[in-house]
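What the coordinates show
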Amino acid sequence: MTVHNLYLFDRNGVCLHYSEWHRKKQAGIPKEEEYKLMYGMLFSIRSFVSKMSPLDMKDGFLSFQTSRYKLHYYETPTGIKVVMNTDLGVGPIRDVLHHIYSALYVELVVKNPLCPLGQTVQSELFRSRLDSYIRSLPFFSARAG
């Protein structure tokens, strides 16, 4: 099992942070275009799920999978979206995504007066702690790839 990549978006679709670990195939387009496509897809899926669900969806859209990967999604009340792509063997990771938001993003970016909100995260401390946290997860495999 492994982690491929992670996106953090704000409520307006700005990619605040992107990291990758075991991504085997690149999109073949500029990163900015990839971010727009990912955010657009998330926006469309959320809309589709909320309109088509036969039940009241308290948590909304949490994940979807293809034959090759699984996309995990977590949205905060403030509109920050945490998106992680993993392999198919990874189960629900809502608690992991919540930890990334609350213990890393909020503590190291939002509460840091030197980090302007609504812009790409420039904090090296955030990047290094995020990387350490992802590598410590039980489903992160150093041998993947």
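Within any chain, residue numbers begin from 1 and follow the written order of that chain's sequence. Given that the model is predicted, a residue must reach a pLDDT of at least 70 before its local features are reported, and side-chain atom pairs must reach 80 or more before they are shown or counted; all residues, however, enter totals for whole chains, interfaces and linings. The basis for every side-chain value is the complete set of non-hydrogen atoms in the structure, without hydrogens or water.

Under the annotation held in an unreviewed UniProt entry, the protein chain carries the name Trafficking protein particle complex subunit and is attributed to Erinaceus europaeus. For the record of the protein chain, the UniProt heading Subunit (unreviewed entry) holds the text "Part of the multisubunit transport protein particle (TRAPP) complex. The heterodimer TRAPPC6B-TRAPPC3 interacts with TRAPPC1 likely providing a core for TRAPP complex formation." UniProt positions are given in the numbering used here, feature names are shortened, and annotations may be inferred rather than shown by experiment.

Quick look at the side chain of His17
Here a strand is any run of E in DSSP of at least two residues, a helix any run of H or I of at least four, and the numbering for each starts at the N terminus. Relative to the assigned elements, His17 resides in strand β2 (residues 15-20). Side chain to side chain, His17 and Ser19 meet in a polar contact 2.5 Å long. If sequence neighbours within four positions are ignored, His17 has contacts with Leu6, Tyr7, Leu8, Phe126, Arg127 and Leu130. Polar contact is the term for a pair of N or O atoms within 3.5 Å; when the atoms are in protein, one must be able to donate a hydrogen and the other to accept it, and sequence-neighboring residues count only if both atoms are side-chain atoms. Note on contacts: a residue pair qualifies if any of its non-hydrogen atoms lie within 4.5 Å across the two residues.

Concerning helix α1 (residues 31-52)
Side chains of residues three or four places apart in an α-helix project in the same direction, reflecting 3.6 residues per turn. Each helix should span, by expectation, one fewer than its residue count multiplied by 1.5 Å. Under the 1.5 Å per step criterion, the end-to-end length of α1 is 31 Å for 22 residues, consistent within 8% with the ideal 32 Å. Looking at the buried positions of α1, the neighbouring elements they touch are β1 (3-9), β2, β3 (63-65), β4 (70-75) and β5 (81-86).

Focus on the pattern of salt bridges
One side-chain nitrogen of Lys or Arg within 4 Å of one carboxyl oxygen of Asp or Glu is enough to make a salt bridge. A complete count under the given rule lists seven salt bridges for this structure. Lys31 serves as the salt-bridge partner of Glu20, at 3.5 Å between the closest nitrogen and oxygen. One end of the pair, Glu20, is in strand β2; the other, Lys31, is in helix α1, and eleven residues separate them in sequence. Its relative accessible area of 33% is what places Glu20 among the partly exposed residues. Each of Glu20, Lys31 and Glu34 takes part in one network of salt bridges that share partners. Exposed residues in this analysis have more than 50% of their type's maximum accessible area, buried residues have under 20%, and partly exposed residues fall in between, with area computed by a 1.4 Å probe over protein chains only.

A word on the packing of aromatic side chains
Each pair of aromatic rings taken from Phe, Tyr and Trp, with Trp reduced to its six-membered ring, is defined by centres within 6.5 Å and is described as stacked if the planes are under 30 degrees apart, edge-to-face if over 60, and tilted in the remaining cases. Evaluated as defined, the whole model comprises eight aromatic pairs. When the ring of Tyr7 is compared with that of Tyr18, the centres are 4.9 Å apart and the planes differ by 50°; the resulting orientation is tilted. Of this pair, Tyr7 sits in strand β1 while Tyr18 sits in strand β2, and the two are eleven residues apart along the sequence. Across the pair, exposure class does not vary: Tyr7 and Tyr18 are buried alike. Pairing Tyr7 with Tyr35 gives two aromatic rings, centres 6.2 Å apart and planes at 85°, and the pair type is edge-to-face. Note that Tyr7 is positioned in strand β1 and Tyr35 in helix α1, a separation of 28 residues in sequence. Here Tyr7 falls in the buried class, since its relative accessible area comes to 2%. Residue Tyr35 is classed as buried on the basis of its relative accessible area, which comes to 11%. An aromatic cluster of at least three residues, connected via ring pairs, comprises Tyr7, Phe9, Tyr18, Tyr35 and Tyr39.

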